[in-house]
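Descriptive analysis of the structure
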Amino acid sequence: MPQEPQAFAEQVDLDGPVRGPGWAVLWGCFVGCSWTWVIGMVFPVLLLRDYGMWGWVAFAVPNVLGAAAMGFVLGSPEVARSIWNKHRTMVRWFSDVTLAFHVFVLMWLGTALFGPAAWAAAAVPLLMMMPARREAWGPWLPTAAAGVALLSWGCFSYATRLPEAGTIVDGLFGLPTPSPHIAAPELPIPELGVTELLIFLPASITGFLLCPYLDGSFLRGRAATTRGTGRFAFAFGFGIVFFSMIIFSLVYAAWLIPAFRGEAVAWSDAWAIVIGLHVLVQAGFTMILHLRERELLNPDGRQLGGLTLLLAAAFVLVLLQSEHDGILGVSWAEIGYRSFLLMYGLTFPAYVWLVMLRPLGSEATRSVWMRFGVACAIAVPMGWIGFVTGPAWWLLGALAVVTFAKLLPIGTGGAKLDKALA
């Protein structure tokens, strides 16, 4: 017989929700470092390349505010437990996509930047989260998160002292460089038009406002803390921990851009070490958390089909990148990266909007699921065109489809549909 997942209340590592400033800081580091992954560390670099500083702002502000708001919207630990139990299938899918996304980026960008060390970021989580070790490591993960945050802050501090740092940052803001003789990579910053900003900003707001509610590590952090402690933890975790990490992306952005073009990165050993430690340790920590969540959601290991398909797609995209140039001027690696991103900017938010956000006590009937499925079938191809190949206005059309799908009446008609499908 398949082994059923335990209720979330039985799986929180602590005996009950904790309170106090010490726990608030530890769980703040936990959720902040959980969110510092191959989106927060890499996507700002793409936005700087394509849109300039306003693109980075349009990413950073909704991201920080949307994730921090989760600690306030979920007013009690019981609400987080209820979401985990009622929506466990999509929470597991969130972890599956996140794990496959990390494997893809480590195979493609991580290996190009750091060599075989990138694979250690995937191998170590697999070893640490083996069933025999899961129970022992679980209670220490908030404390480990504080260590991960300190390591990244140390890398950030050290990077700002390297000779090229001032030249890079001054170039970002269009300032004259104090030491023009220092050899530092240039990052041409384009002027961001109003049209591009108005197209990207709604997608950024929608994605980061809604998709955090399917992150199992966030639900765990909220379930493990009392009302006040949880609010402080999420405010600290995203307003301080995570925000500082995406500010760090401004410092190393110019080094990563050549890798997106398939070019060798001509950086010094010092830059390679500080960026490698930051990126690989943060990515590894996030993988540890999601491996743990999906194992708790699928204790008998039977529900691996989705993860297997996602990993296979990641391998195919990496192989395509090594042998072909891409389509419409976009490399296969970037096509893969943006396709994964679309899950967080459209598919997962659509689920939260159409399935999770329902009147209190109402059930997700078949008509609700059909509305979600039809909306995604129409919106995802439109979003892929708009976000991956262009023109960008298709992305606004995709968001409109998902938004107005909520307005479709499913009252009496939905009941009849449920009866017909029964």
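A brief structural summary. (Residues numbered from 1 in each chain as written. Predicted model: local features only at pLDDT ≥ 70, side-chain atom pairs only at ≥ 80, totals over all residues. Heavy atoms only, no water.)

Here we take up the overall build of the chain. Tallying secondary structure elements over the chain gives 18 helices and zero strands in all. The 422 residues of the chain split such that 53% are buried. (Helix = DSSP H or I, 4+ residues; strand = E, 2+ residues; numbered from the N terminus. Buried < 20%, exposed > 50% of the residue type's maximum accessible area, 1.4 Å probe, protein only.)

One pair of aromatic rings is described through two measures. These are the centre distance and the angle between the planes. Taken as a whole, this structure holds 33 aromatic pairs when the rule is applied. Ring plane angle 35 degrees and centroid distance 6.0 Å describe the contact between Y51 and F200, whose orientation is recorded as tilted. In this pair, Y51 is assigned in helix α2 (residues 43-51) and F200 in helix α10 (residues 194-210), connecting sequence segments 149 residues apart. A residue is classified by how much of its surface remains accessible, and F200, at 8% relative accessible area, is buried. Summarising the aromatic geometry, the rings of W255 and W271 are spaced 5.4 Å apart at their centres and angled 45 degrees between planes, so their arrangement reads as tilted. One end of the pair, W255, is in helix α12 (residues 227-260); the other, W271, is in helix α13 (residues 269-297), with 16 residues separating them in the sequence. Both residues of the pair, W255 and W271, count as buried. Directly above the aromatic system of F387 lies the positively charged group of R338, at a separation of 5.0 Å from the ring centroid. The cationic tip of K406 hangs over the ring face of W353; the distance from NZ or CZ to the ring centre is 5.2 Å. (Phe/Tyr/Trp six-rings, centres within 6.5 Å; stacked < 30°, edge-to-face > 60°. Lys NZ or Arg CZ within 6 Å of the ring centre and 35° of its normal.)

Per the counting criterion, the structure on display carries three cavities of 30 Å³ or more. There is about 190 Å³ of room inside the largest cavity. Residue lining of the largest cavity: 14 residues in total, with F43, A203, L341, G345 and F387 positioned closest to the centre. Counting only elements with at least two residues in the lining of the largest cavity, the list comes to α10 and α15 (332-356). (1 Å grid on protein atoms, 1.4 Å probe; cavity = no way out; pocket = protein on both sides within 12 Å on 5 of 7 lines; lining within 4 Å. Points joined across faces, edges and corners; volume = space filled by probe spheres on them.)

For helix α4 (residues 77-86), the set of buried residues is P77, A80, R81, I83 and W84. Down the axis of α4, the buried set is contained in an arc of 160 degrees. They therefore lie on one face. Its buried side turned inward, α4 meets α5 (88-114), α11 (216-223), α13 and α15. (Arc of directions from axis to C-beta. Contact = heavy atoms within 4.5 Å.)

Let us now look at the pattern of salt bridges. Applying the stated criterion across every chain yields a total of eight salt bridges. A salt bridge links R49 to D50, with the shortest nitrogen-to-oxygen separation between them at 2.7 Å. Using a relative accessible area of 28% as the deciding quantity, one classes D50 as partly exposed. Here R338 makes a salt bridge to E334, at a shortest N to O gap of 3.0 Å. Placement of the pair is R338 and E334 together in helix α15, with a separation of four residues, close to one helical turn. Of the residues examined, R338 reaches a relative accessible area of 9% and is grouped as buried. A relative accessible area of 8% places E334 in the buried class. Taken together, the shared-partner salt bridges in this structure form one network comprising R49, D50, E334 and R338. (Salt bridge = Lys/Arg side-chain N within 4 Å of Asp/Glu carboxyl O.)

Below, the discussion takes up α5. Along an α-helix, residues three or four apart share an orientation, since each turn contains 3.6 residues. Its maximal kink placed at L106, α5 deviates by approximately 40 degrees. Within α5, 22 of the 27 residues are buried, which leaves it mostly tucked inside the rest of the structure. Phi turns positive one or two residues past the end of α5, at G115, with a value near 75 degrees. (Bend = angle between axes of the 7 residues up to and from the residue.)

Taken together, the side chains of M370, V374 and I378 present a nonpolar region at the surface, about 250 Å² in accessible area. By the secondary structure assignment, I378 is in helix α16 (residues 366-389). (Patch = residues over 30% accessible without salt bridge, like charges linked within 9 Å, V, L, I, M, F, W, Y side chains within 5 Å. Areas by Shrake-Rupley, 256 points an atom, 1.4 Å probe, with all protein chains shown as cover.)

Bringing the environment of C155 into the picture now. Following the sequence through the fold, C155 ends up in helix α8 (residues 141-160). Overall, the relative accessible area of 5% leaves C155 in the buried class. Through-space distance from the C-alpha of C155 to that of G276 is 9.3 Å; in sequence the pair is 121 residues apart. For C155, the residues in contact, after removing those within four places along its chain, are F248, V274, L277 and H278.

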